[in-house]
Amino acid sequence: MDSRVSELFGGCCRPGGGPAMGGTLKARGAGGSSSCGGPKGKKKNGRNRGGKANNPPYLPPEAEDGNIEYKLKLVNPSQYRFEHLVTQMKWRLQEGRGEAVYQIGVEDNGLLVGLAEEEMRASLKTLHRMAEKVGADITVLREREVDYDSDMPRKITEVLVRKVPDNQQFLDLRVAVLGNVDSGKSTLLGVLTQGELDNGRGRARLNLFRHLHEIQSGRTSSISFEILGFNSKGEVVNYSDSRTAEEICESSSKMITFIDLAGHHKYLHTTIFGLTSYCPDCALLLVSANTGIAGTTREHLGLALALKVPFFVVVSKVDLCAKTTVERTVRQLERVLKQPGCHKVPMLVTSEDDAVTAAQQFAQSPNVTPIFTLSSVSGESLDLLKVFLNILPPLTNSKEQEELMQQLTEFQVDEIYTVPEVGTVVGGTLSSGICREGDQLVVGPTDDGCFLELRVCSIQRNRSACRVLRAGQAATLALGDFDRALLRKGMVMVSPEMNPTICSVFEAEIVLLFHATTFRRGFQVTVHVGNVRQTAVVEKIHAKDKLRTGEKAVVRFRFLKHPEYLKVGAKLLFREGVTKGIGHVTDVQAIAAGEAQANVGF
């Protein structure tokens, strides 16, 4: 576990287990001992050791990077000091890509000193002035009393600072929604994005379905996208008070893009494509309270673990069950999450304070797994999930983002449309670089291994016009009269200077997760690498003749249909029936344009 989070938990919770009460991590800060990262000898009375669990004496020491800032107090700063504080706030907002969290009443070493009422009011007034200076709003997340060497009541206050959006550069988080069929994924998204509770018969999900057979069966078979916005004050922005997606984007400082994936086993290939191609920041695993972990839930959980996608769990339909049934489902989840294969620390969220803590700890450690119990019909605990999503910070830091933006442009093609009066449109994610309207790019590889020139006519993010696209952002690009027949999913659009390499043969280091017999040369599997999905044949297993379940090896694959653009180090997942394996690309045998046809297949 991350050392900062270990300190925050006070050492009482380990990945293999938890506290005695059901093994679920309760929302708490650091433990009561001075070994948690604070200076020794500061406690002059012993009340902290027996104090409340959610009023710890220490937080982890303040980190130089990241979007969390500790301030003891901000009372009547001089003009020079004020300008310095504003510059510091700009840095924290940049680190958090538009949002930061201020802990008022906390020393830099993490000691919770607290402030008297008058000092806290003055500090919040100064913080408000600082936020106005940088074009941001502040929202008080929570206040806590601390017990530290004082007879007067003292408090610490946690404040969210969020920048008012400019030029559509709102913070955008992508959340993949996983879970078994009929667990209520589309219904929950309908309730969150439409702002109206479900009637118990699936009314909320109707707006999410894309095909007639989905409406008739009530089951998702394709990938759909829904958005939920939060404004600079942390208020929900959805279709209940906005008629179009463009209005939601204009009013939002933070956008949650939900990727609704199929739950039925026969659409598993679509779910895998959504996880590998759309690069979600995290995943929401939905479990029905009345059925527990059933059907494809374990498979979806395994996919998230294999692809190292952080996830949190929502137990739905609690209105249909007795309290004991919900508790049994939660205990079942805890057991599964603590297994050696998962190695997670479950954290049950039961209050708004828990939701704030869960969002921060989820971002700090991949081991922490928040669990929510809610109903889309009665609305029970639905607000706790909204608080979590509002507070959830970006899971990638600004330094990684800057490095990606400095690279050459690379856009992966996931969807292809034809729009009347617009022409050919492609949807996908910008993996690296910056893309602007009017940019000249090349797209490929085609069946013969070539790349074709094209021009980006216009860009849209979340159905709203956008002039500049940055690395990590998903969007749709209009290509004008470019022939749609020349495009397919799995292609990439890159800068002409990149001179991209393509391959029909590649090697990967794999782990065979399951195979009924022996995995050997000549076996055909469907390979998923990013947005690439194609059948490949096993040409060679290095140092072995065959593989059995659980064994590792370096395997050489050959695509059967057409060449692809692959990068060394990319995560790989392959499947065929019950056969499944994971790994990463270790080598690609680059081929030149025109040689592709001779190198594909046997």
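Calculation rules
Residues numbered from 1 in each chain as written. Predicted model: local features only at pLDDT ≥ 70, side-chain atom pairs only at ≥ 80, totals over all residues. Heavy atoms only, no water. UniProt positions renumbered as here; feature names shortened; annotations may be inferred. Helix = DSSP H or I, 4+ residues; strand = E, 2+ residues; numbered from the N terminus. Contact = heavy atoms within 4.5 Å. Areas by Shrake-Rupley, 256 points an atom, 1.4 Å probe, with all protein chains shown as cover. Pairing = 2+ DSSP bridges. Axes fitted to C-alpha atoms, helices over the stretch in contact; angles between N-to-C directions. Salt bridge = Lys/Arg side-chain N within 4 Å of Asp/Glu carboxyl O. Expected span 1.5 Å × (residues − 1). Buried < 20%, exposed > 50% of the residue type's maximum accessible area, 1.4 Å probe, protein only. Left-handed = near helix turned anticlockwise from the far one by under 90°. Nonpolar A, V, L, I, M, F, W, Y, C, P; charged D, E, K, R; others polar. Phe/Tyr/Trp six-rings, centres within 6.5 Å; stacked < 30°, edge-to-face > 60°. Lys NZ or Arg CZ within 6 Å of the ring centre and 35° of its normal. Parallel < 35°, antiparallel > 145°, perpendicular 65-115°, else oblique. Core = buried A, V, L, I, M, F, W, Y, C linked by side-chain atoms within 4.5 Å. Patch = residues over 30% accessible without salt bridge, like charges linked within 9 Å, V, L, I, M, F, W, Y side chains within 5 Å.

- You'll find the protein chain entered in an unreviewed UniProt entry as GTP-binding protein 2, with Hipposideros armiger given as the organism.
- In its Sequence similarities (unreviewed entry) section, the UniProt record describing the protein chain reads: "Belongs to the TRAFAC class translation factor GTPase superfamily. Classic translation factor GTPase family. EF-Tu/EF-1A subfamily."

Observations concerning the overall build of the protein chain
Part 1 of the reasoning: Looking only at helices and strands, the protein chain features 13 helices and 30 strands.
Part 2 of the reasoning: Put simply, of all contacts in the protein chain between residues at least 6 apart along the chain, 71% involve residues at least 24 apart.
Part 3 of the reasoning: For the protein chain, the exposed area adds up to about 25,700 Å²; of that, 49% sits on carbon and sulfur atoms.

Side note on the sheet that holds strand β12 (residues 368-373)
Part 1 of the reasoning: Pairing in this open sheet of eight strands is mixed, and the strands run β7-β6-β8-β5-β9-β10-β12-β11 from one edge to the other. With partners counted over all chains shown, the strands left at the sheet margins are β7 (236-237) and β11 (345-348), one partner each.
Part 2 of the reasoning: Two elements, strand β10 (residues 311-316) and β12, share three bridges in a ladder whose sense is parallel. Paired with Val314 across the bridge in β12 is Phe372.
Part 3 of the reasoning: Helix-sheet contacts for helix α9 (residues 323-338) involve β9 (282-288), β10, β11 and β12, and the interaxial angle to β12 is about 165 degrees.

Looking at the pairing of strand β28 (residues 552-559)
Part 1 of the reasoning: Across seven bridges, the pairing between strand β23 (residues 502-514) and β28 is antiparallel. Within the sheet, the bridge partner assigned to Val511 lies in β28 and is Lys552.
Part 2 of the reasoning: One ladder, built from five bridges, connects strand β26 (residues 532-541) with β28; its direction is antiparallel. Bridging across to β28, Ile541 finds its partner in Val555.

Considerations on the environment of Tyr417
Part 1 of the reasoning: Mapped onto the elements, Tyr417 comes out in strand β13 (residues 410-419).
Part 2 of the reasoning: As a C-alpha pair, Tyr417 and Arg484 span 67 residues in sequence and 7.9 Å in three-dimensional space.
Part 3 of the reasoning: Setting aside residues up to four positions removed in sequence, Tyr417 forms contacts with Gly423, Thr424, Val425, Gly427, Thr476 and Arg484.

Side note on the pattern of salt bridges
Part 1 of the reasoning: With the rule as written, the count across this model stands at 19 salt bridges.
Part 2 of the reasoning: Notably, a salt bridge pairs Arg121 with Glu117, separated by 4.0 Å at the nearest N-O pair. With a gap of four residues between them, Arg121 and Glu117 both fall in helix α3 (residues 117-134), about one helical turn apart.

A closer look at α9
Part 1 of the reasoning: Taking 1.5 Å as the rise per residue, α9 with 16 residues should run 22 Å; its terminal C-alpha atoms sit 23 Å apart, in good agreement.
Part 2 of the reasoning: Taken together, the buried positions of α9 are Thr325, Val326, Thr329, Val330, Gln332, Leu333, Glu334, Val336, Leu337 and Lys338.
Part 3 of the reasoning: Buried residues along α9 sit in contact with β9, α8 (297-306), β10, β11 and β12.

Observations regarding the packing of helix α2 (residues 79-95) against α3
In helix packing, the relevant descriptors are the interaxial angle and the interaxial distance, both defined with respect to the helix axes.
Part 1 of the reasoning: Orientation of α2 relative to α3, taken along the N-to-C sense of each, is 65 degrees, at an axis distance of 9 Å. Crossing angle aside, the handedness with which α2 passes α3 is right-handed. On the side of α2, the interface is formed by Phe82, Glu83, Leu85, Val86, Met89, Lys90 and Leu93, while α3 contributes Thr126, Leu127, Arg129, Met130, Ala131, Lys133 and Val134.
Part 2 of the reasoning: Here the contact of α2 with α3 is composed, by residue class, of nine nonpolar, one polar and four charged.

Brief notes about the packing of aromatic side chains
Part 1 of the reasoning: Applying the stated criterion across every chain yields a total of 12 aromatic pairs.
Part 2 of the reasoning: Judged by centre distance (6.2 Å) and plane angle (75 degrees), the ring pair of Phe312 and Phe372 falls under edge-to-face. In this pair, Phe312 sits in strand β10 while Phe372 sits in strand β12, placing the two residues 60 residues apart along the sequence. The burial state of Phe312 is the same as that of Phe372; both residues are buried.
Part 3 of the reasoning: The structure contains a cluster of three or more aromatic residues connected by ring pairs, namely Phe506, Phe519, Phe523, Phe557, Phe559 and Phe574.
Part 4 of the reasoning: Across the ring face of Phe82, the terminal group of Arg129 is positioned such that the distance to the ring centre comes to 4.3 Å.

Describing α2
Part 1 of the reasoning: Counted at 1.5 Å a residue, the expected span for α2 with its 17 residues is 24 Å, and the 25 Å between its end C-alpha atoms agrees.
Part 2 of the reasoning: Next to the buried residues of α2 lie β1 (68-71), β2 (99-104), α3, β4 (154-163) and α12 (398-405).

Structural notes on the packing of helix α4 (residues 185-194) against helix α11 (residues 382-391)
Part 1 of the reasoning: Direction vectors running N to C along α4 and α11 enclose 75 degrees, while the axes themselves pass 12 Å from each other. Taken together, the axes of α4 and α11 lie roughly perpendicular to each other. Across from Leu188, Val191 and Leu192 in α4, the residues of α11 making contact are Leu382, Leu385 and Lys386.
Part 2 of the reasoning: Considering only residue class, the contact of α4 with α11 consists of five nonpolar, no polar and one charged.

Overview of the nonpolar core
Part 1 of the reasoning: Among the nonpolar cores identified, the biggest contains 44 residues, and Leu188, Phe258, Phe312, Val314, Leu385, Phe388 and Leu389 are the most heavily contacted of them.
Part 2 of the reasoning: Per element, the largest residue contribution to this core is seven residues, and it comes from α11.
Part 3 of the reasoning: When near neighbours in sequence (up to four residues on either side) are disregarded, Phe258 contacts Val175, Val177, Leu189, Leu192, Thr193, Ser224, Phe225, Glu226, Leu228 and Leu389.

Some details on the environment of Gly302
Part 1 of the reasoning: Tracing the chain through its elements places Gly302 in helix α8.
Part 2 of the reasoning: Taking the C-alpha atoms as reference points, Gly302 and Cys342, separated by 40 residues in sequence, lie 8.5 Å from one another.

A look at a nonpolar patch on the surface
Part 1 of the reasoning: Side chains of Leu513, Phe514 and Val578 sit close together on the surface and give an oily, nonpolar patch of about 270 Å² of accessible area.
Part 2 of the reasoning: Mapping Phe514 onto the fold places it in strand β23.

Concerning the environment of Lys125
Part 1 of the reasoning: Within the fold, Lys125 resides in helix α3.
Part 2 of the reasoning: A relative accessible area of 60% places Lys125 in the exposed class.
Part 3 of the reasoning: In sequence terms Lys125 and Val75 are 50 residues apart; their C-alpha atoms lie 8.6 Å from each other.

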